[in-house]
There are 2 protein chains.
Amino acid sequence: MAQQLLGKEVTASLNTRILEQVDILARKKIRPCLEIIRIGDQESDISYEKGAMKRCSLLQIECRTFHLGAEVSQEELLSVIDIANRDEQVHGVLLLRPLPKYMDRHLVENALDPAKDVDCMTDASLLGVFTGKQTGFPPCTPQACMEILDHYGIDCTGKRAVVIGRSLVVGKPAAMMLLGRNATVTICHTKTENLEERAREADILLVCAGRAKMIDEKYLHQGQVVLDVGINVNEEGKLCGDLDMEAAEKAGALYTPVPGGVGSVTTSVLAAHVVEAAMRQTNTD
Amino acid sequence: MAQQLLGKEVTASLNTRILEQVDILARKKIRPCLEIIRIGDQESDISYEKGAMKRCSLLQIECRTFHLGAEVSQEELLSVIDIANRDEQVHGVLLLRPLPKYMDRHLVENALDPAKDVDCMTDASLLGVFTGKQTGFPPCTPQACMEILDHYGIDCTGKRAVVIGRSLVVGKPAAMMLLGRNATVTICHTKTENLEERAREADILLVCAGRAKMIDEKYLHQGQVVLDVGINVNEEGKLCGDLDMEAAEKAGALYTPVPGGVGSVTTSVLAAHVVEAAMRQTNTD
């Protein structure tokens, strides 16, 4: 029997945990605070910002937004980041990306204090993911996948996890996080031979390939857990993932739908990181 | 038919390449120089130092050694590193480890300029391995494995590579390097189920498990490439790898022997990194 792993159920239990922590902080008169820095007025940025603001508001997290013109200078952006770094009221900073092309991406990204880097923008956070050390924070999207596994009680130890995609934003970090949970991890990509066979071997399949509905029955088996990170638009202009959900139903997989799956957990993970950052910065247990 | 992948053959061709680069540098009156920093008089350190010095001498690379007492203070070590960082004559620095327990390992290791970090001691080098960017240098041992693959013309693209071991020194970097060569990479470890089966699935098997002769016929198949990073001592006090070489012969694998395999290529890789560091620091092509 197929089963959907629903983001809203994961979010509900995550939010309960977050509110407990917010409560602990409130007793110390600390209110966790996220600052979102947005450059220009791209629709996708505005939409993500709105989602994050709404989530923060529901969870009693302060959310400040800082808007900069589309042609802001690198110097000005760096000074905004510097102020946020030094502001003790701000616990987490989210800089919406990509950055304007005329900027030195590496320099700007690493200007942020890793302690406030709630979505793995700095090298220090990325290194933390690779080494398993707690410097900065892991990226929200693969972390959302881990939260889904946790919520549904899916133990990774000894299991075969297959990741399709090797980006630094999702694929590689996801592989390291699954490895940290003691899965035997295989990383597949565009050069992989017999990809269908590799995918079928997975107990846990995490797909971040970015190709609409590419994962059909040939990649799936009964009882397989499928985490779909893909966000694509199909021919009819509708949102769809990398997974063909009809095929997942037929195969009897346990899968995250799109919409309503991994993506819907991401802003809760972001909020969880802000609260965790506030706890670390104020030495609160 | 089984075949041994011999370190000395790889070293010979690597050395030819290194001498060509040394020659290019010599025309600019630059002599590549490695500084080895050794704390105390541990036998394994002295032996590694001797090997590296001999290799450097054969390759016309200057090798300076800096010996510190077993109870040197962290401050003194940091000042030695600082001097090496600022010395334009020194292109690469090798600090023999482990460090004394009373030192702040992370602080000391990251005091070295990544540009001179010829054996992946700093976070910057490690991050370079993870991201595929050229910051610092990859660790010499997994790099030696890549040199062996290159020398014997073994193309990784699309092949299944299985790494047994997930340490930050060998396993994880080796997995990233094989991924960079477009292999489909699986990382196995002590919690992996059906390890023998996973290993048999590999076209290229890289073993860094640290258990003498654990890889027997059940892990192997005809024509499989086996890179053995293990350095163990058997019951008779003799050096042996993680691979049972008799089993590899019977199975018809292409394998690196111990001794005479991966380990014997490591100091040449170190020398290659010193020369590469000298070329980068002097803008020589």
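Note that this is a predicted model, so its numbers are computed, not measured. (Residues numbered from 1 in each chain as written. Chains lettered and ligands numbered in written order. Predicted model: local features only at pLDDT ≥ 70, side-chain atom pairs only at ≥ 80, totals over all residues.)

Let's talk about the relation of the copies chain B and chain A
Of the two same-sequence chains, chain B is brought onto chain A (RMSD 0.0 Å, axial shift 0.0 Å) by a rotation of 180 degrees. Taken together, the rotation and translation relating the two chain copies correspond to the operation of a two-fold axis. When C-alpha positions in chain B are compared against the rotation axis, the closest is assigned to T186(B), at 2.0 Å. (Least-squares fit on C-alpha atoms with pLDDT ≥ 70 in both.)

A closer look at the domain arrangement of chain A
Once the domains are mapped, chain A shows domain 1 (27-116) and domain 2 (140-263). Each of domain 1 of chain A and domain 2 of chain A has a C-alpha centre, and the two are 29 Å apart. (Domains from an automatic or database assignment.)

Focus: the nonpolar core
Of all hydrophobic cores here, the largest spans 169 residues; its most connected members are L206(A) and L206(B). Once residues within four sequence positions are removed from consideration, L206(B) is found in contact with C145(B), A161(B), V163(B), A174(B), L227(B) and V229(B). (Core = buried A, V, L, I, M, F, W, Y, C linked by C-beta atoms within 7 Å. Buried ≥ 20, exposed ≤ 12 C-beta atoms within 10 Å, placed from the backbone. Contact = placed C-beta atoms within 7 Å.)

Notes on the interface of chain B and chain A
Across the contact, 21 residues belong to chain B and 21 residues belong to chain A. Within the side of chain B that touches chain A, the residues separate by chemical class into eight nonpolar, seven polar and six charged. As defined by bridge partners, strand β6 (residues 184-188) of chain A adjoins strand β6 (residues 184-188) of chain B across three bridges and the pair is classed as antiparallel. Directly across from V185(A), in β6(B), lies its bridge partner I187(B). (Nonpolar A, V, L, I, M, F, W, Y, C, P; charged D, E, K, R; others polar. Pairing = 2+ DSSP bridges. Helix = DSSP H or I, 4+ residues; strand = E, 2+ residues; numbered from the N terminus.)

Digging into the packing of helix α6 (residues 140-151) of chain A against helix α7 (residues 171-180) of chain A
Residues and elements named next belong to chain A. The interhelical angle for the contact between α6 and α7, taken along N-to-C directions, is 35 degrees, at an axis separation of 9 Å. Note that α6 runs across α7; the crossing there is right-handed. Listed contacts from α7 to P142, C145 and M146 of α6 are P173, A174 and M177. For the contact of α6 with α7, the residue count by class is six nonpolar, no polar and no charged. (Axes fitted to C-alpha atoms, helices over the stretch in contact; angles between N-to-C directions. Left-handed = near helix turned anticlockwise from the far one by under 90°.)

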